[in-house]
Amino acid sequence: MTPKGAGVQLEDREIWRIVAGLMFGGFLSVLDVLIVITALPTIVGDLGERADISWIVTAYLLTSTAAAPIFGKLSDLYGRMRLYQLAILIFIAGSAVSALSQTMGMLIIGRAVQGVGCAGLMTLPSAMVADVAVPRQRARFQSVTILNFTLASALGPLVGGIFVDDISWRWIFWINLPLGALALIATTRLHVPTRRAATVVIDYAGSALVVALASCLLLAVTDAENGGGFGSPRVLILLAAGAMLTGLLVIVERRAAEPIMPPRFFHHRRFNLVSVTTVLYNAAIQAAWTLMPIFFQVVKGASATVSGLLVLPFVIGTTISSIATGRLISRTGRYKWAALTGQVLTAAAFVLYASMTTGTSRFQATVYMAVAGLGIGCVLNPLVVIVQNTVATEDLGAATAATGLFRQLGSAFGAAVGLGIYSGHLAGNIRRSHLTGLPKAALQGAPAQIRTLPAAAHQALIGAFEHALRSAFAWTAPTVIVSIVLTLVMRDLHHDHPAVAEPAPAA
């Protein structure tokens, strides 16, 4: 057995080649999400089934979340590179189905297939980098993967807008075929050491339960986000089913020879604290990320294009802090300070978010977003690396995928809670301001309709949106503060020498 946390020691130059080659797949999956969001209104106009629009996103989210732990565990058993290449092929196949879709149902199927491929694209590169880098250096090598987010955030809305306006929305999917081919070609030149278990036993029951559990939780979140709220009967039934499936999963995984979600992970106090921190922190940042475009486009009257440009300081801040943090962690051998610094910056930014009014300028708002970006860049990668350095090498894939699962679930719940608070307060504000007689599109936040309103109605409606957003932003900072407390009680990881791994103590 390889010592806990020990990587296959390669020269830095070879590791950088591996990181660069694996970034194509990550870029492909992030770009796809941002392009599709841009094209949603046009897709609905073409296929004509608005009632199913949420499933274009939900199907992708369901399959990508449910499949991630399976890809992670299978990579621990069979090796990662072949599975990564399979994930690329699955993603390409789903893209082709989506591009050829003539009905909303066919498009939803294509998106579901894409989601399965995305699970591998998002999970396996991080585990492969952890395989070849010693623990102290993992943060440095993995920090540059944030460039996928940076480039995709800059190009996604622009490319999506060009395809939708000047060519066809189908090209947002066709473009994935040549990009996917490039990602495959890049892997053929990589020599990543293959790890395989001596005995392969597949946990079919655990895999099925993980899929069912993730589906119940995400369907509950989707229903709550679409207006039912977390108190609706359907949502409560789904949450209750999720609780029962969780109990059953615990029983099954304790008996499995090679569990898809190994119970030994939860014997580590540090793993448990990082997992809860990941859920809470990602819930807060996803809520803020989802609501901020509404502030720019509705309250400040910015166009969709300008709103996209105003987000760039956030993206740049995230990139700078992620790369700088990775380098500093490698030099100091300590991790906890990065997460704490980032969480404090994020909480401060979210306090500023909650203070924004109609008098807040676009420049001020972008500065607040830059502060949030600096904080978020300090947190996300170190949390993953802490988990990777806590578990044994043979569990790297499953542990990385588990962290991704918690991140995805936190993001989904955060978006639902944020939008739920926003929608509830907005409806109340509109009733109290006697604005219910205005055009429906204006009440729903259509910027073009709002601009046509008389001055008095325009001012009153903007005020209603502003107060609703402030209420929705108000819970994000306290949620981050809870994650700060959890991080404070976490025992720090420390590596005194870049070639020496420190075994993580069990709770």
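Residues numbered from 1 in each chain as written. Predicted model: local features only at pLDDT ≥ 70, side-chain atom pairs only at ≥ 80, totals over all residues. Heavy atoms only, no water.

Draft legend 1. View of the packing of helix H3 (residues 81-99) against helix H8 (residues 176-188). With their axes 9 Å apart at the nearest point, H3 and H8 run at an angle of 170° to one another. Our classification of the angle between H3 and H8 gives roughly antiparallel. Only Asn176, Leu177, Gly180, Ala181, Ala183, Leu184 and Thr187 of H8 make contact with H3, whose side of the interface consists of Met81, Tyr84, Gln85, Ile88, Leu89, Phe91, Ile92, Ser95 and Ala96. A class-by-class count of the residues in the contact of H3 with H8 yields 11 nonpolar, five polar and no charged. (Axes fitted to C-alpha atoms, helices over the stretch in contact; angles between N-to-C directions. Helix = DSSP H or I, 4+ residues; strand = E, 2+ residues; numbered from the N terminus. Parallel < 35°, antiparallel > 145°, perpendicular 65-115°, else oblique. Contact = heavy atoms within 4.5 Å. Nonpolar A, V, L, I, M, F, W, Y, C, P; charged D, E, K, R; others polar.)

Draft legend 2. Here's a closer look at empty space enclosed by the protein. All told, the structure shown has two cavities of 30 Å³ or more when counted by the stated rule. Taken together, the residues that form the lining of the largest cavity break down as nine nonpolar, no polar and no charged. (1 Å grid on protein atoms, 1.4 Å probe; cavity = no way out; pocket = protein on both sides within 12 Å on 5 of 7 lines; lining within 4 Å. Points joined across faces, edges and corners; volume = space filled by probe spheres on them.)

Draft legend 3. Focus on a nonpolar patch on the surface. Nonpolar side chains collect at one region of the surface, where Ile481, Val485, Leu488 and Val489 lie side by side and expose about 340 Å² of accessible area between them. Looking at where valine 489 falls in the secondary structure, it is placed in the segment after helix H20 (476-488). Overall, valine 489 belongs to the partly exposed group, its relative accessible area being 42%. (Patch = residues over 30% accessible without salt bridge, like charges linked within 9 Å, V, L, I, M, F, W, Y side chains within 5 Å. Areas by Shrake-Rupley, 256 points an atom, 1.4 Å probe, with all protein chains shown as cover. Salt bridge = Lys/Arg side-chain N within 4 Å of Asp/Glu carboxyl O. Buried < 20%, exposed > 50% of the residue type's maximum accessible area, 1.4 Å probe, protein only.)

Draft legend 4. The nonpolar core, seen in detail. Counting 95 residues, the largest nonpolar core has Phe350, Tyr353, Tyr422, Leu461 and Phe473 as its most contacted members. Per-element tally for this core: the top contributor is helix H11 (residues 269-299), with 14 residues. Those residues in contact with phenylalanine 473 that sit more than four places away from it in its chain are Ala288, Leu291, Met292, Phe350, Tyr353, Ala354 and Met356. In this structure, Ile15, Met23, Ala67 and Phe71 belong to the second largest nonpolar core, which totals 30 residues. (Core = buried A, V, L, I, M, F, W, Y, C linked by side-chain atoms within 4.5 Å.)

Draft legend 5. Spatial organisation of the side chain of threonine 400. Looking at the secondary structure, you find threonine 400 in helix H16 (residues 396-432). Accessibility expressed as a relative area gives 7% for threonine 400, which makes it buried. Contacts of threonine 400, omitting those with residues within four sequence positions, involve Thr123, Ser126, Ala127 and Gln388.

Draft legend 6. Up close: the layout of surface pockets. As a volume, the second largest pocket reaches approximately 500 Å³. In terms of lining, the second largest pocket is formed by 19 residues, of which the most central are Thr246, Leu249, Met261, Phe266 and Phe406. Of all the secondary-structure elements, those providing two or more residues to the lining of the second largest pocket are helix H9 (204-228), helix H10 (233-255) and H16. Its residues assigned to classes, the lining of the second largest pocket shows 14 nonpolar, three polar and two charged.

Draft legend 7. Focus on helix H19 (residues 455-473). Spanning 19 residues, H19 covers 27 Å between terminal C-alpha atoms, matching the ideal 27 Å at 1.5 Å per step. Turning to H19, its buried residues are Ala457, Leu461, Ile462, Gly463, Ala464, Phe465, Glu466, Ala468, Leu469, Ala472 and Phe473. Looking at the buried side of H19, the elements it contacts are H11, helix H14 (336-354), H16, helix H17 (440-443), helix H18 (447-451) and H20. (Expected span 1.5 Å × (residues − 1).)

Draft legend 8. View of the confidence of the model for the protein chain. In the predicted model, the protein chain carries a mean pLDDT of 80, and the fraction of residues at 70 or more is 87%. Low pLDDT, under 50, characterises residues 1-7; the stretch is placed with 29 contacts to residues that sit more than four places away or in other chains. This stretch, residues 496-507, has a pLDDT under 50; its non-local contacts, to residues over four places away or in other chains, come to 31 contacts. (pLDDT = per-residue confidence, 0-100.)

Draft legend 9. Spatial organisation of the environment of leucine 493. By the secondary structure assignment, leucine 493 is in the segment after H20. Between the C-alpha atoms of leucine 493 and lysine 336, which are 157 residues apart in sequence, the distance is 7.2 Å.

Draft legend 10. View of the environment of methionine 128. Relative to the assigned elements, methionine 128 resides in helix H4 (residues 104-132). Through-space distance from the C-alpha of methionine 128 to that of glycine 397 is 8.2 Å; in sequence the pair is 269 residues apart. Among residues more than four places away in sequence, those in contact with methionine 128 are Leu22, Arg80, Met81, Tyr84 and Val192.

Draft legend 11. Representation of the pattern of salt bridges within the structure. Under the defined criterion, the tally for this structure stands at three salt bridges. Aspartate 32 is the salt-bridge partner of arginine 111, the closest N and O atoms lying 2.7 Å from each other. Of the two residues, arginine 111 sits in helix H4 while aspartate 32 sits in helix H1 (residues 12-47), which places them 79 residues apart along the sequence. Note on accessibility: arginine 111 and aspartate 32 belong to one class, buried. One salt bridge in this structure joins arginine 470 and glutamate 466, with 3.5 Å as the shortest N-O distance.

Draft legend 12. Geometry of the packing of aromatic side chains. In the structure shown here, the tally under the stated rule is eight aromatic pairs. Note on tryptophan 169 and phenylalanine 173: the rings are 6.3 Å apart at their centroids and 90° apart in plane angle, and the pair reads as edge-to-face. Relative accessible area serves as the criterion here: at 4%, tryptophan 169 is assigned to the buried category. Judged by its relative accessible area of 0%, phenylalanine 173 is buried. With centroids separated by 5.3 Å and ring planes inclined at 90°, the aromatic side chains of phenylalanine 266 and phenylalanine 271 adopt a geometry described as edge-to-face. The class for phenylalanine 266 is partly exposed, based on a relative accessible area of 34%. Of the residues examined, phenylalanine 271 reaches a relative accessible area of 1% and is grouped as buried. (Phe/Tyr/Trp six-rings, centres within 6.5 Å; stacked < 30°, edge-to-face > 60°.)

Draft legend 13. Structural detail: the packing of H11 against H19. Here H11 crosses H19 at 165°, and the two axes come no closer than 10 Å. One way to sum up the angle between H11 and H19 is to call them roughly antiparallel. Crossing geometry of H11 relative to H19 is assigned as left-handed. Between H11 and H19, the residues in contact are Ala288, Leu291, Met292, Ile294, Phe295, Val298 and Val299 and Ile462, Phe465, Glu466, Leu469, Ala472 and Phe473, respectively. Of the residues that constitute the contact of H11 with H19, the class distribution is 12 nonpolar, no polar and one charged. (Left-handed = near helix turned anticlockwise from the far one by under 90°.)

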